[in-house]
Amino acid sequence: MVMEIVCPAGTPAALRAAVKAGAHTVYCGFNDETNARNFPGLNFNRNEMRAGIAFAHEHGSKVLVAINTFPRAGDEAIWQRAIGDAEICGADAVILADPGLLDYATRTHPRLRRHLSVQAAAANADVINFYAETFGVKRVVLPRVLSVPEIAAINSETDVETEVFVFGGLCVMAEGRCSMSSYATGLSPNMNGVCSPASHVEYREDQGVLDARLGGYLIHRVERGEPAPYPTLCKGCFSAGEKAGHLFEDPVSLNAEKLIPQLQKAGVTALKIEGRQRSKSYVAQVVRNFRMAVDALDAGRPMPEGMLARLSEGQAMTTGAYKKTWR
Amino acid sequence: MSNSQNLIPQCPAALAAALRVVPLAPLSLSLTVFSRKIAKNHPDLFQRLGEHSRTAFVLDPTDLPIVLCLDPNDGMPKVKLTRGRGTGAARISGPLAALIGLVHGAFDGDALFFSRDLVIEGDTGAALALRNAIDDAELDLSHEAAALSGPFARPVQRLIALAERQTGLCLTRPEDVAIW
Amino acid sequence: MELTVGPNQFFWPADTWSAFYDDLTRSPVNHVVLGELVCSKRLPFYQDRIPDAISNLIEAGKDVALTSLALVTLKRERKLTAELAEMGVMVEVNDLTALTHLPRDCEFSVGPLVNVYNEGTLRWLASRGARRVCLPPELPIGSVAVLAATAAELGVAIEVWGHGRLPLAISGRCYHARLHGRTKDNCQFACEDDPDGLDVLTGDGKPFMAMNGVQTLSDSYACTDHQIDLLRSVGVSALRLSPQSRGFTRLCQLYRQRIDQDLAAGDLATEVRAASADIRLSDGFLTGAYGAEWSETSPQSTTSR
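For every chain, the first residue of the written sequence is number 1, and numbering continues from 1 along that sequence. Labels are handed out in written order, letters beginning with A for the chains and numbers beginning with 1 for the ligands. This being a predicted model, a pLDDT of at least 70 is required before a residue's local features are given, and a value of 80 or more before pairs of side-chain atoms are given or counted; all residues contribute to the totals for chains, interfaces and linings.

Brief notes about the overall build of chain C
Consideration 1: Comment: elements are numbered from the N terminus, with helices defined as DSSP H or I runs of at least four residues and strands as E runs of at least two. Tallying secondary structure elements over chain C gives eleven helices and twelve strands in all.
Consideration 2: This radius of gyration counts C-alpha atoms alone. The globule rule is 2.2 Å times how many residues there are, raised to the power 0.38. Relative to its length of 305 residues, chain C is compact, with a C-alpha radius of gyration of 18 Å against a globular reference of 19 Å.
Consideration 3: Taken along the three principal axes of its C-alpha coordinates, chain C extends 50 × 50 × 35 Å.
Consideration 4: Expressed as a percentage of its 305 residues, the buried residues of chain C come to 55%.
Consideration 5: Two residues form a contact once the distance between their C-beta atoms, set from the backbone, is within 7 Å. Taking all contacts inside chain C whose residues are at least 6 apart in sequence as the whole, residues at least 24 apart take part in 65%. Counting other C-beta atoms within 10 Å of each residue's C-beta, where C-beta atoms are placed from the backbone, gives the exposure class: buried for 20 or more, exposed for 12 or fewer, partly exposed between.

Structure representation (structure tokens):
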């Protein structure tokens, strides 16, 4: 069984590019606060979603609709409507995180397949099986805090399909459990679908030295010629006690292409690429590479590798929590 | 040191020199007409700007002595070329080839930004909205220019032909397959 | 309005831990949640003190609950979580994993690290047996009001984060260990040196966060001095005070007085500042534009942007 490549699409053009580049599955969201990449200029209105899904289906690809923020008290109808519209648009599944919304979808849209978002941070087999029994969840996107052996252990104890991130931005905190962004800016992944929002970013270049601030907090200061990572809070340069540096995480991005065979042995169904905020050119290149990798693996050919470094943040890569020493 | 730096051609001095002397007012008018034509053919582009549909942008090709001030004006865009720094809420600076490469989907904006080939100043949210909207629009500047007619068509077509000839820049959208 | 003492988020020596809960038996608080929230590796150091602390607190008339871990991944942690229900006191769920181990008819509490953002989730939890819910600290007052109204219909008590460094994130990675060049498995309990967390500053020296092992907290101490009357009026039934190594009994008294109107609005914050001059306060999550904001215009405040 070829491992499934699950690709991001921030725009209809990116969706078409991903499908043409060989994505088995594309995930995307509506252009509002119901999805965790609620960035300016991104995402799909209802017509675009319907057309995008139709395009993907014509080419044999699936589309998952992410409705993975936590509905605001008093405004749950916005999120509930998104579920109904995803079903009408022909989505192959919805990706949900909020228990209340899962409960709603289970009761009112029983035939719409439900995936558990990484934002639910379901990090062990007990809770994954609980989501399956309670809400009929068919697949779980695993949080980026687990090692490969831990993923294998989870798969040995559950029938729920697992999907893991293999490329792109890396959350160092358990997803869906982080309020650092709203602490600094008032906008959070859970409530607003944004982390370290661009609206609160301020770059100032002086004599080649570039300061990047978020909500007034200095996150990075880079010298002339150094790469300029986006000022994501948890990847900033800070000091504590006597030490200074990237105390939480270096400005690296995840690349687990070399671990694909191990992830397959660990029972993983699908490989997920992060980056709905990235361009269609990026999406297509990454998809093409990962598709080649899983096809090679399936055919018993050697894995191509190392083609993706240029596309990553600050040009540095990590395998993240998949290797236990990361912790 | 980024790889992409090696890949982005610099605009040759000849074009830069020409732009130092030509009158900019007629060119601005032509580009305004051109941008309205694009707006008409790609209404989604301006819808995608959302709350930034009236934000003033400055696009600064760092290898040219001019900047392009773009006011989306809620779908009725205005373009003005100036020789100063220009004024706007958001500024995107980089070699002309990088800016055009973004429009044509040949480059990834984030990657150019990480490598500092592109620099964003001012309203970062607005700059990202513009980047994302343009990425979705799948524009082909040569194709759009060729479709122009009327008194303003010639200057735009001549400018694009000049730019292509002088720089070797790709102003025609590469075929999807050719990119990868 | 009642006072709840949340689980201690930090790693304290066992004797300090015991003395803290002994002091609480004489403090004007109603509910006490104890146990290990942040890191399962800390638990063996004080685990044997927990039964005594529970019985002393119950004897002193306090309502006691035992917290789950905030993030359950390892086999050992799953086992610990399963055993919580057998301790004979109410369980506070801070990772839904704990819920999976509770008998179906068992009542429980929900802690601030479970994502209760809306009525749907609150109703679902209530249907599973939730009786007390401490809301996530990032919720604005508007959401708190809607949820408190729903909770009243459901017979669920609503708590709000009242005072203390805000729990902002939990990770698989230990930052204290990373700071000392160690891995989590070989952390040598570096977090024990920082009984209230280790201050994290930005590159230009501005206080920002505090690290506490796998947890990241706010630099500022949340303080609801200015919101207490508002919270009461929307139906919040308890404020949660988060343990700190110094002056905690006094803090409990101050909040009791403030709730009972024996202390005017603003006086509580003044007292807190008098006790530790360099402390930064915040109440932005509830009523401000962003979490770190402090509503009082005060020359000492360094939390403003």
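The discussion continues.
Quick word on the overall build of chain A
Consideration 1: A tally of regular secondary structure across chain A gives ten helices and 15 strands.
Consideration 2: Taking 327 residues into account, the globule formula puts the C-alpha radius of gyration at 20 Å, and chain A, at 19 Å, falls close to it.
Consideration 3: Its C-alpha atoms give chain A principal-axis dimensions of roughly 60 × 55 × 40 Å.
Consideration 4: Looking at chain A residue by residue over its 327 residues, the buried ones come to 65%.

Some points on the sheet that holds strand β10 (residues 217-222) of chain A
Residues and elements named next belong to chain A.
Consideration 1: Strands sit in the order β8-β9-β10 across an open sheet of three strands; the sheet is antiparallel. The open sheet is flanked by β8 (201-206) and β10, the only strands paired with a single partner. Strand-to-strand twist across the sheet, computed as the mean angle between neighbouring axes with direction ignored, equals 20°.
Consideration 2: Any two strands with at least two DSSP-identified bridges between them are counted as paired. One ladder, built from six bridges, connects β8 with strand β9 (residues 209-214); its direction is antiparallel. Paired with D206 across the bridge in β9 is V209. Note on definitions: angles span 0 to 180 degrees between N-to-C directions of axes, and those axes are lines fitted to C-alpha atoms, for helices only across the stretch in contact.

Describing helix α10 (residues 267-275) of chain C
Residue and element names in this part refer to chain C.
Consideration 1: L268, A269 and V272 are the residues of α10 that are buried. Buried residues of α10, seen end-on, are gathered within an arc of 95° and therefore sit on one face of the element.
Consideration 2: In the core, the buried residues of α10 are packed alongside β10 (215-223), α9 (248-259) and β12 (281-282). Starting at the helix axis, one direction is taken to each C-beta atom, and the arc is that of these directions.

A short note on the sheet that holds strand β3 (residues 78-82) of chain B
Hydrogen bonding along the main chain pairs the strands of a sheet, whether they run parallel or antiparallel.
Residue and element names in this part refer to chain B.
Consideration 1: Strand order in this open sheet of five strands is β3-β2-β1-β4-β5, and the pairing throughout is mixed. Across the chains shown, the open sheet's two edge strands, defined by having one partner strand only, are β3 and β5 (119-122). Mean inter-strand twist for the sheet, computed between neighbouring axes without regard to direction, equals 20°.
Consideration 2: Bridge count for strand β4 (residues 90-94) against β5 is four bridges, and the pairing is antiparallel. Bridged to I92 within β5 is I120.

A short note on the packing of helix α1 (residues 14-24) of chain C against helix α2 (residues 50-59) of chain C
Residue and element names in this part refer to chain C.
Consideration 1: It is at 9 Å that the axes of α1 and α2 come closest, and there the two elements cross at 10°. In terms of axis orientation, α1 runs roughly parallel to α2. Where α1 approaches α2, its residues S18, Y21, D22 and L24 are matched on the opposing element by A53, N56 and L57.
Consideration 2: Residues are grouped as follows: nonpolar covers Ala, Val, Leu, Ile, Met, Phe, Trp, Tyr, Cys and Pro; charged covers Asp, Glu, Lys and Arg; every other residue, Gly included, is treated as polar. In terms of residue class, the contact of α1 with α2 is made up of four nonpolar, two polar and one charged. Throughout this description, any angle smaller than 35 degrees is read as roughly parallel, any larger than 145 degrees as roughly antiparallel, any in the 65 to 115 degree range as roughly perpendicular, and the remainder as oblique.

Remarks on the packing of α9 of chain C against α10 of chain C
Residue and element names in this part refer to chain C.
Consideration 1: The geometry of α9 relative to α10 is characterised by a closest axis approach of 10 Å and an angle of 165° between their N-to-C directions. Put simply, α9 runs roughly antiparallel to α10. Crossing angle aside, the handedness with which α9 passes α10 is right-handed. Taken together, the residues of α10 that come into contact with α9 (itself represented by R250, L254, Y255 and R258) are L268, E271 and A275.
Consideration 2: Residues that form the contact of α9 with α10 fall into these classes: four nonpolar, no polar and three charged. Crossing handedness: left-handed means the near helix sits turned counterclockwise from the far one by under a right angle, and right-handed means the same turn made clockwise.

What to know about the interface of chain C and chain A
Consideration 1: With 50 residues of chain C at the interface, the matching set in chain A holds 53 residues.
Consideration 2: When contributions to the side of chain C that touches chain A are tallied by element, the ones reaching two or more residues are α4 (96-101), α5 (119-128), α6 (141-154), β7 (157-170), α7 (175-179), β8 (198-202), β9 (207-212) and β10 of chain C.
Consideration 3: When the residues that make up the side of chain C that touches chain A are grouped by side-chain class, the tally is 24 nonpolar, 16 polar and ten charged.
Consideration 4: Examined bridge by bridge, strand β11 (residues 238-240) of chain A and β8 of chain C share two bridges and lie antiparallel to one another. In the strand pairing of β8 of chain C, S239 of chain A is matched with L201 of chain C.

Remarks on the interface of chain B and chain A
Consideration 1: Across the contact, 35 residues belong to chain B and 32 residues belong to chain A.
Consideration 2: Contributions of two or more residues to the side of chain B that touches chain A are made by α1 (3-7), α6 (109-114), β5, α7 (124-137) and α10 (176-179) of chain B.
Consideration 3: Among the residues forming the side of chain B that touches chain A, the class breakdown is 14 nonpolar, eleven polar and ten charged.

Looking at α6 of chain C
Residues and elements named next belong to chain C.
Consideration 1: A helix is expected to reach a length of 1.5 Å times the quantity of its residues less one. Over its 14 residues, α6 extends 20 Å from the first C-alpha to the last, a length consistent with the 20 Å expected when each residue adds 1.5 Å.
Consideration 2: Those residues of α6 that fall on the buried side of the exposure criterion are S143, V144, A145, V146, L147, A148, T150 and A151.
Consideration 3: Contact partners of the buried residues in α6: α5, β6 (130-134) and β7.
Consideration 4: Residue G155 follows α6 closely and has a positive phi angle near 75°.

What to know about the pairing of β7 of chain C
Residues and elements named next belong to chain C.
Consideration 1: Across the 14 residues of β7, 14 count as buried, placing the element largely inside the fold.
Consideration 2: For β6 and β7, the ladder comprises three bridges, and the chain directions are parallel. Each bridged residue has a counterpart across the sheet, and for C134 the counterpart in β7 is E159.
Consideration 3: Taken together, the six bridges between β7 and β10 define a ladder with antiparallel strand orientation. When the sheet's bridge partners are listed, H163 is paired in β10 with C223.

Observations regarding the UniProt feature "binding site: [4Fe-4S] cluster" (unreviewed entry) in chain C
Consideration 1: UniProt positions are given in the numbering used here, feature names are shortened, and annotations may be inferred rather than shown by experiment. The positions UniProt marks with the feature "binding site: [4Fe-4S] cluster" (unreviewed entry) are C39, C174, C187 and C191 of chain C. Of the residues just listed, which span 153 residues, no C-alpha pair is farther apart than 11.5 Å, and they cluster in one region.
Consideration 2: For C174 of chain C, the location among the structural elements is in the loop between β7 and α7.
Consideration 3: In this structure C174 of chain C touches R327 of chain A together with K184, C187, G213 and V214 of chain C, once residues within four positions along its chain are discounted.
Consideration 4: The topology assignment puts C191 of chain C in the loop between α7 and β8.
Consideration 5: Owing to 27 C-beta atoms within 10 Å, C191 of chain C belongs among the buried residues under this scheme.
Consideration 6: Here C191 of chain C is in contact with F11, H176, N212 and G213 of chain C, once residues within four sequence places are set aside.

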